[in-house]
Amino acid sequence: MSDITDVNSFLWVARARGFRQAARESGISSSALSDAVKRLEDDLGVRLLNRTTRSVLPTDAGRLLLKRLGPAFAEVASALGEVKSSRGLTAGELRLNVPVSAARLVLPAIVPPFLKAYPDIRLEIVTDENFVDIIESGCDAGIRYDERLEQDMVALPIGPRQQSYALAASSHYLARKGRPEHPRDLLAHDCILGRFSGRAISPWEFERDGEEIAINPKGNLIVQFGGGVDLGIDAAIAGSGMVYVFEDWLKPHFDRKDLVPVMEEWWLRFPGPFLYYPGRRLVPAPLRAFIDFVRQLQKV
């Protein structure tokens, strides 16, 4: 049977997609990780990782091993965490996979008091707008909206329970192009568009008094949701066009009068995000502490 340490080293490298990153995350040297993976490959008689000068990616066999062993090792970590918690000490690492919007708009009210309450927990936030398998990515839990939740996951409300998109433009843009009164009017406007990585440009959806409408506006600037939103907002402030993003993202600009709210009665409202995690029997102690902390905040 392969050495358990070698198996764990493989998991670090496969999740990190590289020996240097795995070394930084695990505290084990790159050379020790490389030796451990080579021993495991020799023992199994199959290559687990494809190595190039630029990347390290699991082979088919490596992906299978990662998929099967990831949850098992998480259970081991959870069991050890529970033993520590029984001594009154909640410690360990917690990795959350979240969209940039959650990192900007939801977590700032949660993370500082959580770290103050649990100083022995090391929290890592991984921002990602794509659909991911949180187990294969090496994360304990994620934050997503209802329509993007993975199947067979436990979901817990986190943050504001209702959010909305907000349409905005600068005052000088509106003075130049006019103020739209209906979503269809936006077809004659310059609009700053957004898309998720590898996906089509998202339509703009509106609703009023039960009427729903989706349009595909035109514009000469397209940004990627998440990291590109700030650029889109800056372009709107500069008068390049109209922007339609989370209301909470725009509130500071409304307060400073950098941007003007437009067609507020049409803004699309939707349920807030969820914390989601695998519904396994043993939940790691740091994640359990975070879940309980979020539940307490929801009651306030």
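You'll find the structure just up there.
Caption draft 1: Structural context of the overall build of the protein chain. In terms of regular secondary structure, the protein chain is built from ten helices and 15 strands. Among the 300 residues that make up the protein chain, the fraction classed as buried is 44%. For the protein chain, the proportion of contacts with a sequence separation of at least 24, taken over those separated by at least 6, is 73%. Surface accessibility of the protein chain: about 15800 Å² in total, with carbon and sulfur atoms responsible for 51%.

Caption draft 2: Representation of the environment of S240 within the structure. By secondary structure assignment, the location of S240 is in the loop between α8 (229-237) and β12 (243-246). Take S240: its relative accessible area is 38%, and that puts it in the partly exposed class. Each C-alpha atom of the pair S240 and Y173 lies 7.4 Å from the other, and the pair is 67 residues apart in sequence. Other than its neighbours up to four places away in sequence, S240 contacts D190 and A235.

Caption draft 3: Quick peek at the pattern of salt bridges. Summed over the entire model, instances satisfying the criterion amount to eleven salt bridges. Residue K38 is joined to D42 by a salt bridge in which the shortest nitrogen-to-oxygen separation is 3.1 Å. Taken together, the residues K38 and D42, both in helix α3 (residues 30-44) and four residues apart, mark about one turn of the helix. When its relative accessible area of 48% is taken as the criterion, K38 is described as partly exposed. Take D42: its relative accessible area is 53%, and that puts it in the exposed class. Across the pair R63 and D60 runs a salt bridge whose closest N-O atoms are separated by 2.1 Å. Within this pair, R63 and its partner D60 are both found in helix α4 (residues 60-86), separated by three residues, close to a single helical turn.

Caption draft 4: Fine view of the packing of aromatic side chains. Counted by the stated rule, this structure contains 13 aromatic pairs. With 5.3 Å between their ring centres and 55° between their planes, Y165 and F246 make a pair best called tilted. Of this pair, Y165 sits in strand β7 (residues 162-169) while F246 is found in strand β12, placing the two residues 81 residues apart along the sequence. Residue classification places Y165 among the partly exposed residues on the basis of a relative accessible area of 28%. Classification of F246 by relative accessible area gives buried; the value is 10%. An angle of 45° between the planes, with centres 5.5 Å apart, marks the rings of W204 and Y244 as tilted. In this pair, W204 is assigned in strand β9 (residues 204-208) and Y244 in strand β12, connecting sequence segments 40 residues apart. Grouping aromatic residues by their ring pairs yields a cluster made of Y145, Y165, W204, F206, Y244, F246 and F270. Residue placement shows R161 over the ring face of F274; its charged tip is 5.0 Å from the ring centre.

Caption draft 5: Broad picture of the packing of α8 against helix α9 (residues 247-255). Look at α8 against α9: their axes get within 12 Å of each other, and the N-to-C directions meet at 35°. Judged by the twist between their axes, the crossing of α8 over α9 is right-handed. Contacts between α8 and α9 involve V229, D230, I233 and I237 from the former and W249, L250 and H253 from the latter. Residue composition of the contact of α8 with α9, grouped by class: five nonpolar, one polar and one charged.

Caption draft 6: Here's a closer look at the packing of helix α1 (residues 4-16) against helix α2 (residues 19-26). Where α1 meets α2, the closest approach of the two axes is 8 Å, and the angle between their N-to-C directions is 120°. Helix-helix and strand crossings are classified by hand; for α1 and α2 the assignment is right-handed. Residue-level inspection shows W12, V13 and A16 of α1 in contact with α2, the latter providing F19, Q21, A22, E25 and S26. Looking at the contact of α1 with α2, its residues break down into five nonpolar, two polar and one charged.

What counts, and at which threshold
Residues numbered from 1 in each chain as written. Predicted model: local features only at pLDDT ≥ 70, side-chain atom pairs only at ≥ 80, totals over all residues. Heavy atoms only, no water. Helix = DSSP H or I, 4+ residues; strand = E, 2+ residues; numbered from the N terminus. Buried < 20%, exposed > 50% of the residue type's maximum accessible area, 1.4 Å probe, protein only. Contact = heavy atoms within 4.5 Å. Areas by Shrake-Rupley, 256 points an atom, 1.4 Å probe, with all protein chains shown as cover. Salt bridge = Lys/Arg side-chain N within 4 Å of Asp/Glu carboxyl O. Phe/Tyr/Trp six-rings, centres within 6.5 Å; stacked < 30°, edge-to-face > 60°. Lys NZ or Arg CZ within 6 Å of the ring centre and 35° of its normal. Axes fitted to C-alpha atoms, helices over the stretch in contact; angles between N-to-C directions. Left-handed = near helix turned anticlockwise from the far one by under 90°. Nonpolar A, V, L, I, M, F, W, Y, C, P; charged D, E, K, R; others polar.

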